Amino acid sequence: AQSVSQHNHHVILSEAASLELGCNYSYGGTVNLFWYVQYPGQHLQLLLKYFSGDPLVKGIKGFEAEFIKSKFSFNLRKPSVQWSDTAEYFCAVKARDTGRRALTFGSGTRLQVQP
Amino acid sequence: IAGITQAPTSQILAAGRRMTLRCTQDMRHNAMYWYRQDLGLGLRLIHYSNTAGTTGKGEVPDGYSVSRANTDDFPLTLASAVPSQTSVYFCASRQGAEAFFGQGTRLTVV
């Protein structure tokens, strides 16, 4: 079964600082990868996704993520964070070559951006 | 606006009581899911349904049941609530590989 690890549980940054949130997954086969964001009091929204092709994917609000297959990683980045990026971020994986169709989520990273 | 509707948005429930969390989608997605979200644990899959008429168990199914009588509705039932079921519950549907989430139900079992 696949699993997802997010190593940063709580990150505090100042506005304009650069962001990188780590995500590693364990699964030997082909995967789809996702980052979801949950703003305070809201439901999860898709930030970006990787299915195939260019390993550097760009999402909404200036976020991007790079899939490094050899490292089983899919780290999320943003060059300059804003106060409005304060939220919880979840990495998720879906195995493509099994019958399991649900996403497996990491434990989440709480990002706090200070003005 | 198309999407997933969950009800209620929050509930305080006495231990031992039965409770059904409702989930309705209007996107005609075949696959639907129930997750619970707990601090430090992320989202964990409770039950899923790949299509109307079928259901399956996720990672943490104990104490929960689901039904899928039609494409749109996927209710989650707690037969006899316990305090450890205090959580935020999210319903989701899937189109292709992408999942869409409802607003969540915050359940407190006392």
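What you see is a predicted model, and the numbers here were worked out from it, not measured in a lab.

A.B. asks: How should I be thinking about the pairing of strand 5 (residues 42–49) of chain B in this particular structure?
C.D. replies: Two faces make up the sheet, and in a regular strand the side chains alternate between them. Residue and element names in this part refer to chain B. Most of strand 5 sits inside the fold, with 6 of its 8 residues counted as buried. The pairing of strand 4 (residues 31–38) with strand 5 spans 7 bridges and is antiparallel. In the sheet register, methionine 32 faces strand 5, and the bridge partner there is serine 49. Hairpin connection, strand 4 to strand 5: the antiparallel pair is bridged by 3 residues, and glycine 40 has positive phi, about 80°. Hairpin geometry of strand 5 and strand 6 (residues 56–57) is characterised by an intervening segment of 6 residues between the two adjacent antiparallel strands and by a positive phi of about 95° at glycine 53.

A.B. asks: In this structure, what is going on with the packing of aromatic side chains? I would like to understand it.
C.D. replies: Think of a pair of aromatic rings as described by two things: how far the centres are apart, and how the planes are tilted against each other in angle. Residue and element names in this part refer to chain A. This model, assessed by the stated rule, comprises 13 aromatic pairs over all chains. Look at tyrosine 25 and phenylalanine 72: their rings are 5.5 Å apart centre to centre, the planes differ by 70°, and that puts the pair in the edge-to-face class. In this pair, tyrosine 25 sits in strand 4 (residues 24–26) while phenylalanine 72 sits in the loop between strand 8 (64–68) and strand 9 (73–78), placing the two residues 47 residues apart along the sequence. The exposure class of tyrosine 25 is buried, given its relative accessible area of 6%. You can call phenylalanine 72 partly exposed: its relative accessible area is 34%.

A.B. asks: Any chance you could explain the interface of chain B and chain A here in plain terms?
C.D. replies: Interfaces are often sized by the amount of accessible area the parts lose when they come together. Between chain B and chain A, the residue contacts involve 19 residues of the former and 21 residues of the latter. Taken over both partners, the interface formed by chain B and chain A buries close to 1600 Å², and the fraction arising from carbon and sulfur atoms is 57%. Our enumeration of links across chain B and chain A arrives at 1 salt bridge. Residues Lys49(A) and Glu98(B) are paired through a salt bridge, measuring 2.8 Å at the closest nitrogen-oxygen approach. Linking chain B with chain A are 6 residue pairs in polar contact (both at pLDDT 80 or more). For the side of chain B that touches chain A, the secondary structure elements donating two or more residues are strand 4, strand 5, strand 9 (87–95) and strand 10 (98–101) of chain B. Residues of the side of chain B that touches chain A, tallied by class, amount to 10 nonpolar, 6 polar and 3 charged.

A.B. asks: I tried to follow the sheet that holds strand 3 (residues 19–25) of chain B on my own but got confused; where do I start?
C.D. replies: Whenever strands of a sheet pair, they do so through backbone hydrogen bonds, lying parallel or antiparallel. All names here are of chain B. The antiparallel open sheet is built from 4 strands, whose spatial order is 1-3-8-7. Strands at the two margins of the open sheet, each flanked by one partner only, are strand 1 (4–7) and strand 7 (64–66). With direction set aside, neighbouring strand axes in the sheet form an average angle of 20°. Sheet topology note: the strand 3/strand 8 (residues 76–78) ladder contains 3 bridges and is antiparallel. Paired with threonine 20 across the bridge in strand 8 is threonine 77.

A.B. asks: So what exactly am I meant to see when it comes to unusual backbone geometry here?
C.D. replies: Most peptide bonds take the trans configuration, and most residues that are not glycine carry a negative phi. Look at the link from Ala7(B) to Pro8(B): it is a cis peptide, with omega at -5°. Residue position: Pro8(B) is located in the loop between strand 1 and strand 2 (10–13). If you check the backbone angles, Ala16(A) has positive phi at about 80° while not being a glycine. The residue Ala16(A) is located in the loop between strand 2 (10–14) and strand 3 (19–21) in this model. Within the chain, Lys61(A) stands out as a residue other than glycine whose phi angle is a positive 60°. Relative to the helices and strands, Lys61(A) is located in the loop between strand 7 (56–58) and strand 8.

Cut-offs applied
Residues numbered from 1 in each chain as written. Chains lettered and ligands numbered in written order. Predicted model: local features only at pLDDT ≥ 70, side-chain atom pairs only at ≥ 80, totals over all residues. Heavy atoms only, no water. Buried < 20%, exposed > 50% of the residue type's maximum accessible area, 1.4 Å probe, protein only. Helix = DSSP H or I, 4+ residues; strand = E, 2+ residues; numbered from the N terminus. Pairing = 2+ DSSP bridges. Phe/Tyr/Trp six-rings, centres within 6.5 Å; stacked < 30°, edge-to-face > 60°. Contact = heavy atoms within 4.5 Å. Buried area = accessible area lost by both parts, 1.4 Å probe. Salt bridge = Lys/Arg side-chain N within 4 Å of Asp/Glu carboxyl O. Polar contact = N/O pair within 3.5 Å; in protein donor to acceptor, adjacent residues only side chain to side chain. Nonpolar A, V, L, I, M, F, W, Y, C, P; charged D, E, K, R; others polar. Axes fitted to C-alpha atoms, helices over the stretch in contact; angles between N-to-C directions.

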